[in-house]
Amino acid sequence: MRVLHACSEVYPLLKTGGLADVTGALLPALARVGCDVRMVLPGFPSILAGIGPTREVVVLHDRFGADRVGLLLGQLPSGVPAYVIDAPALYAREGNPYADAGNTAYPDNYRRFGLLAWVAADLAAGLDPGWQAQIVHGHDWHAGLAPAYLKAWERANGKRAAASVLTVHNLAYQGVFDAGVFPELGLPADYFAMHGMEYYGQLSFLKAGLFFADKLTTVSPSYALEIQSPEQGCGLEGLLHDRASDLTGILNGVDYEVWSPAADELIAARYDASKPGGKKVCRRALQKAGSLRPQDNAPVFGVVSRLTEQKGLHLLLAALPAIVARGGQLVLLGSGDGWMEDAFREAALRYPGAVQVEIGYDEVRSHQIVAGADVILVPSRFEPCGLTQLYALAYGTLPLVRRVGGLADSVVDCTPATLADNSGTGFVFDEFSEAAFSLAVDRAFALYEAPAQWQQAQRNAMRAHFGWDDAARKMLPIYQRLLGQ
Ligand code: ADP
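Conventions adopted
- Residues numbered from 1 in each chain as written.
- Predicted model: local features only at pLDDT ≥ 70, side-chain atom pairs only at ≥ 80, totals over all residues.
- Heavy atoms only, no water.
- Helix = DSSP H or I, 4+ residues; strand = E, 2+ residues; numbered from the N terminus.
- Rg over C-alpha atoms; globule rule 2.2 N^0.38 Å.
- Contact = heavy atoms within 4.5 Å.
- Areas by Shrake-Rupley, 256 points an atom, 1.4 Å probe, with all protein chains shown as cover.
- Buried < 20%, exposed > 50% of the residue type's maximum accessible area, 1.4 Å probe, protein only.
- Arc of directions from axis to C-beta.
- Domains from an automatic or database assignment.
- Salt bridge = Lys/Arg side-chain N within 4 Å of Asp/Glu carboxyl O.
- Nonpolar A, V, L, I, M, F, W, Y, C, P; charged D, E, K, R; others polar.
- Phe/Tyr/Trp six-rings, centres within 6.5 Å; stacked < 30°, edge-to-face > 60°.
- Near = heavy atom within 4 Å.
- Polar contact = N/O pair within 3.5 Å; in protein donor to acceptor, adjacent residues only side chain to side chain.
- Pairing = 2+ DSSP bridges.
- Axes fitted to C-alpha atoms, helices over the stretch in contact; angles between N-to-C directions.

**Brief notes about the overall build of the protein**
The helix and strand inventory of the protein stands at 18 helices and 18 strands. A compact globule built from 485 residues would reach a C-alpha radius of gyration of about 23 Å, and the protein, at 23 Å, matches this within 12%. In terms of overall dimensions, the protein has a C-alpha envelope of 70 × 40 × 40 Å along the principal axes. Residue pairs at least 24 apart in sequence account for 70% of intrachain contacts in the protein once pairs closer than 6 positions are excluded. In the form shown here, the protein has an accessible surface area of approximately 18,500 Å², with 53% of it arising from carbon and sulfur atoms.

This is how it looks when you write it as structure tokens:
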């Protein structure tokens, strides 16, 4: 079956978060289970630079504010064929793909991602005579209009070009635009309606996808349920509840080619569950690189994260004095909200030798922290899936997480019972509060003082397996049903 994935990021060419890791690994996994998969991406500078040799499939004129749009076909480093939309007027902007240097969303994002969705839909309707998608699978709001364009095509032509799937990686980002731009999108007038893409008087690209796609998926079973509730539905819970029978939660996986301590060249030493010695070397290297006191009598906590409200790291700021007082250490790598960046910078100045903070984005350092820390902290308010805790498990770094979304689906709290049956892999707390977070931190300190139990939990973590092939095998029946197979 021919499946086209429409998305805005893909590892290793362009990554701002977990979405890129997912699209980078899911497609090769789908190819391994027998799908003829391709991707369509906007021609951002790093994507054009990394795609390798391409051929021009077609040239279009006057689309979405661009005089000339070239559709190129090349190949991702994984070998997956990829169409790249070469429209410099829309995409030739360095840095973050969605926002300018001041972190303000580009005002023409509706055109930039409207074009992505339009091309995706047209690739099902014959834009490339050599390959026509039978299923268009969009990711997040960036591709949210693709199902709407497909339904519009179906109405105009009296037959279906392709079936559609939309995956929600984070419902909090909805692609909302002023209703005044609707006529520019070229969709039927009646699509701007409550039963359509209207969202409290504005346009929502994500809602369009959620309304018009034939099937919906999200990135963990728990999140699939949570987004049907007012707390996490971001105003779309009614629609999601109505579509519950079309919505499936499939947990993301780990690309073990990239995240495996036995083969990782970015870390100080290699190790695995049967030969764990290298982890101590990684821990020392992490302490040394961060000018932290060399100690091994209290845990080193690690954070690799966007610094946003979602990630709950103000709970860590509140708990930090107690962590340091007990001899614990923190290494944090992240970037995001200015006030939080400042607060962590100040903490590093206040606790030299115990707290090291790097504001920025650094793929290499992220591996070193995941390998060298004892505990990875992910105290999110909400978390569709979360990848950091999955990577941490693979490296025997025990995740301390809130019981929400994919965190709840992937980490088993260490209790006497789960330690006895070798299933405990981390520390899980329920209430989103400083007190509950601090109690979980206390439990991490306590377990650290019982080395035999700690090591057992590390072995449990490293043996837990979250492969992309499992995720691909769960996606396949959704595709098969759509094609009546
Ligand atoms: P989200 O997509 O919400 O940011 P995920 O946990 O799903 O969260 O994915 C985050 C991904 O981005 C992980 O691969 C994580 O290692 C990476 N990451 C986040 N912040 C940084 C950073 N500052 N430097 C390097 N990698 C980072």
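**Here's the deal with helix α10 (residues 314-325)**
Inspection of α10 places Leu315, Leu316, Ala319, Leu320, Ile323 and Val324 among the buried residues, and these make up the whole buried set. On an axial view of α10, the arc spanned by its buried residues comes to 150 degrees, and they lie on one face. Gly327 occupies a position one or two residues after α10 and carries a positive phi of about 90 degrees.

**Concerning the domain arrangement of the protein**
Looking at the protein, the domain boundaries give domain 1 (2-253 + 469-482) and domain 2 (278-465). Counting residues at the interface gives 20 residues for domain 1, matched by 18 residues for domain 2. The interface formed by domain 1 and domain 2 includes one salt bridge. Salt-bridge contacts for Glu363 lead to Lys15; the nearest nitrogen and oxygen are separated by 3.4 Å. Among the secondary structure elements, those contributing two or more residues to the side of domain 1 that touches domain 2 are α1 (18-32) and α7 (221-226). In terms of residue count, α7 provides more of the side of domain 1 that touches domain 2 than any other element does, four residues in total. Of the residues belonging to the side of domain 1 that touches domain 2, the class tally is seven nonpolar, nine polar and four charged.

**Some points on the packing of aromatic side chains**
Here the structure, examined in full by the defined rule, presents 21 aromatic pairs. With 5.9 Å between their ring centres and 45 degrees between their planes, Tyr98 and Phe113 make a pair best called tilted. Residue Tyr98 is located in the loop between α3 (88-91) and α4 (109-124), and its partner Phe113 is located in helix α4; the two are separated by 15 residues in the primary sequence. Given the relative accessible area of 14%, Tyr98 is considered buried. Judged by centre distance (5.0 Å) and plane angle (70 degrees), the ring pair of Phe113 and Trp141 falls under edge-to-face. Of this pair, Phe113 sits in helix α4 while Trp141 sits in the loop between β6 (135-139) and α5 (146-157), and the two are 28 residues apart along the sequence. Residue classification places Trp141 among the buried positions, given a relative accessible area of 9%. Through a chain of ring-to-ring contacts, the aromatic side chains of Phe44, Tyr91, Tyr98, Tyr110, Phe113, Trp141, Phe177 and Phe205 assemble into a single cluster.

**Looking at the site of the ligand**
The ligand sits among 18 residues. The nearest are Gly18, Asp21, Arg306, Gly360 and Leu387. Within the contact set of the ligand, an oxygen atom lies 2.7 Å away from a side-chain nitrogen or oxygen of Arg306. At 2.9 Å from an oxygen atom of the ligand is found a side-chain nitrogen or oxygen belonging to Lys311. The fraction of the free accessible surface of the ligand (560 Å²) that becomes covered by protein chains is 92%. Those elements that place two or more of their residues in the shell around the ligand are α1, β13 (300-307), β14 (329-336) and α13 (388-394).

**A look at the sheet that holds strand β9 (residues 198-199)**
Here three strands make up an open sheet; going across it, the order is β8-β10-β9 and the pairing antiparallel. Of all the strands in the sheet, the pair left with one neighbour each is β8 (176-177) and β9. Direction of pairing for β8 relative to strand β10 (residues 202-204): antiparallel, over a ladder of two bridges. Bridge assignment links Phe177 to a residue of β10, and that residue is Leu203. Packing against the sheet, helix α6 (residues 205-212) makes contact with β8, β9 and β10, and its axis sits at approximately 60 degrees to β10.

**Notes on the pattern of salt bridges**
Under the counting rule described, the total for this entry stands at 21 salt bridges. Residue Arg111 is joined to Glu184 by a salt bridge in which the shortest nitrogen-to-oxygen separation is 2.9 Å. Of this pair, Arg111 sits in helix α4 while Glu184 sits in the loop between β8 and β9; the two residues are 73 residues apart in sequence, bridging distant segments of the chain. Residue Arg326 pairs with Asp442 through a salt bridge whose shortest N-O separation is 3.0 Å. Taken as a pair, Arg326 in the loop between α10 and β14 and Asp442 in helix α16 (residues 434-448) lie far apart in primary sequence, 116 residues in all. Accessibility expressed as a relative area gives 36% for Asp442, which makes it partly exposed. Via salt bridges that share partners, Lys15, Asp21 and Glu363 belong to a single interconnected network.

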